[in-house]
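Observations on the three-dimensional arrangement
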Amino acid sequence: MAKSAVKFRDTIAQYERLNADAAARHYAPVYLLMGDESYFIDALCDRLANEILNEAERSFNQITVYGKDSEAGQVINLCRQMPMMGAQQVVVVKEAQQLRGLDKLALYTQKPSPTTILVICHKEKSVDKRSALYKSCTANGAVLESVRPRDYEIAAWLQQFARDQGFAIDPKALAMLTDHLGTGVSKIANELRKLAVSLPQGTQRITDADIEAHIGISKDFNNFELCKAVVARDTARSLMIAGHFARNPKDNPMLVTIMALFNQFKDIFTVNYLRWLSRRKGEPFPSDMELMRILRKNNTFAINEIKQTSANWDNRKVFQILGLLREYDAKSKGLNTGGATDGELLRELLLKIFLL
């Protein structure tokens, strides 16, 4: 099956639309919630399961089944039965990717009952869009395709998620979270919720100190600080951070560090190239808003940092550094390491960068 054309921003937009509909109590007869990012599937499913019926009605008219324990015919029979002492019933199918005869649900979704709301939670991958099930859910209900964000997309979502919880989040704290937790939306949301509960009442801004105190990520020894030290040519601090990483390899995987350094120097290279175009060819240098789009950043603080840093680097050296980072990316995956540990490889890489 071809790779989905749906982007993370499309997932967020559709999730927000369906949430708005639910808030207005406008429900579809069928919901197909599918994809490899479970957070939005679980969040929307929980909302529907908790809000469509009141607590008393749920006792009689809400049924949850699990794919591994069921088959399509059973689900169809449940959907076609009449609600007891109420106008509607809700049938939730969790882990639908394990449901036996999943495609046969199309026999029901092609003509869903007006007294049943069916919620199908299909995780790990999306339903085949060529199938009758997908087409009938699209025609007669609502479909959410939940895709995982790319590394450059998670920060903007995290900022908005923090705002929704009533917090602003500092750029360094944001970088610490995304570097440490990656792009797992569920994991990040859980950590941020736990952090919100731990913060003193009245707190409005999340700082790097909060991340260190409540999540356990060092505010002094992380990829954000390493990148900052490297581009400032602070050899001593860079090697000190690398030494900390070597002593704590599980918390500081080299592959993530390589990626952080590569993105930093790629941005420097891009800004310097745009400066060259402006200087040599008379093309206007992009505005901060345009740079945010080009570099896929979500705040002017990051843009100003890159502009200041890039002025101190010659692109010929930056190009060589990008080559080194590609080489050590391969080594971090086990190619031609010569038996060196990740800590030794990182120290070797940094020394080569500083010797250029």
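The following refers to the structure shown. A quick note: this is a predicted structure, and the numbers were derived from the prediction, not measured.

Brief notes about a positive patch on the surface
On the surface, K7, R9, R150, K266 and R296 cluster together to form a positively charged patch. Secondary-structure assignment places K7 in the segment before helix 1 (8-23).

Structural notes on the side chain of D267
Mapping D267 onto the fold places it in helix 13 (residues 254-281). The exposure class assigned to D267 is buried, which follows from its relative accessible area of 6%. Side-chain polar atoms of D267 contact the side chain of K297, separated by 3.0 Å. Aside from chain neighbours lying at most four places away, what touches D267 is L295, K297 and I306.

Some details on the pattern of salt bridges
Tallied over the entire structure, the rule returns 17 salt bridges. The partner of D220 in a salt bridge is K219, and the shortest N-O contact between them spans 3.9 Å. Taking the shortest distance from any N to any O, the salt bridge between E348 and K331 comes out at 3.7 Å. Of this pair, E348 sits in helix 17 (residues 342-355) while K331 sits in helix 16 (residues 315-332); the two residues are 17 residues apart in sequence, bridging distant segments of the chain.

Here's the deal with the packing of helix 16 against helix 17
The geometry of helix 16 relative to helix 17 is characterised by a closest axis approach of 10 Å and an angle of 170° between their N-to-C directions. Compared by their axis directions, helix 16 and helix 17 come out roughly antiparallel. For the pair formed by helix 16 and helix 17, the contact residues are I321, L324, L325, E327, Y328 and K331 on the first element and L345, E348, L349, K352 and I353 on the second. Among the residues forming the contact of helix 16 with helix 17, the class breakdown is 7 nonpolar, no polar and 4 charged.

As for helix 6 (residues 132-140)
Listing the buried residues of helix 6 in full gives L133, Y134, S136 and C137. As for helix 6, its buried residues are in contact with strand 1 (30-35), helix 5 (106-109), strand 4 (116-123) and strand 5 (142-146).

Topic: the sheet that holds strand 5
Pairing is parallel in the open sheet, where 5 strands are placed in the order 2-3-4-1-5. The open sheet has two edge strands, strand 2 (62-66) and strand 5, and neither has a second partner. Neighbour to neighbour, the strand axes of the sheet diverge by 10° on average, direction disregarded. Here strand 1 pairs with strand 4 via 6 bridges, running parallel. Its bridge partner lying in strand 4, L32 is registered against I120. This element, helix 1, spans strand 1 and strand 5 of the sheet and lies at about 145° to strand 5. Against the sheet, helix 4 (residues 72-80) touches strand 2, strand 3 (89-94) and strand 4, its axis set at about 165° to strand 3.

Quick look at the packing of helix 8 (residues 171-181) against helix 10 (residues 208-215)
At a closest axis distance of 7 Å, the pairing of helix 8 and helix 10 adopts a crossing angle of 35°. Facing helix 8, whose interface residues are K172, A173, M176 and L177, helix 10 presents D208, I211, E212 and I215. Tallied by class, the residues present in the contact of helix 8 with helix 10 amount to 5 nonpolar, no polar and 3 charged.

A word on helix 15 (residues 300-310)
All of the buried residues in helix 15 are A302, I303, I306, T309 and S310. Seen end-on, helix 15 carries its buried residues on one side only, within an arc spanning 135°. The inward-facing, buried residues of helix 15 contact helix 11 (223-231), helix 13 and helix 14 (288-295).

Concerning the environment of S278
As for its placement among the helices and strands, S278 is situated in helix 13. By relative accessible area, S278 is classed as partly exposed at 26%. When near neighbours in sequence (up to four residues on either side) are disregarded, S278 contacts E283, P284 and F285.

Some points on the side chain of N223
Along the chain, N223 falls in helix 11. Given the relative accessible area of 8%, N223 is considered buried. Here N223 is in contact with D179, F245, V256, T257 and A260, once residues within four sequence places are set aside.

Let's talk about the pairing of strand 1
A large share of strand 1 lies buried, amounting to 6 of its 6 residues. Bridge analysis of strand 1 against strand 5 gives 5 bridges, and the strand direction is parallel. The residue bridging L32 from the neighbouring strand is V143, located in strand 5.

Rules and cut-offs
- Residues numbered from 1 in each chain as written.
- Predicted model: local features only at pLDDT ≥ 70, side-chain atom pairs only at ≥ 80, totals over all residues.
- Heavy atoms only, no water.
- Patch = residues over 30% accessible without salt bridge, like charges linked within 9 Å, V, L, I, M, F, W, Y side chains within 5 Å.
- Areas by Shrake-Rupley, 256 points an atom, 1.4 Å probe, with all protein chains shown as cover.
- Salt bridge = Lys/Arg side-chain N within 4 Å of Asp/Glu carboxyl O.
- Lys, Arg positive; Asp, Glu negative; His and termini not counted.
- Charge placed at Lys NZ, Arg CZ, Asp CG, Glu CD.
- Helix = DSSP H or I, 4+ residues; strand = E, 2+ residues; numbered from the N terminus.
- Buried < 20%, exposed > 50% of the residue type's maximum accessible area, 1.4 Å probe, protein only.
- Polar contact = N/O pair within 3.5 Å; in protein donor to acceptor, adjacent residues only side chain to side chain.
- Contact = heavy atoms within 4.5 Å.
- Axes fitted to C-alpha atoms, helices over the stretch in contact; angles between N-to-C directions.
- Parallel < 35°, antiparallel > 145°, perpendicular 65-115°, else oblique.
- Nonpolar A, V, L, I, M, F, W, Y, C, P; charged D, E, K, R; others polar.
- Pairing = 2+ DSSP bridges.
- Arc of directions from axis to C-beta.

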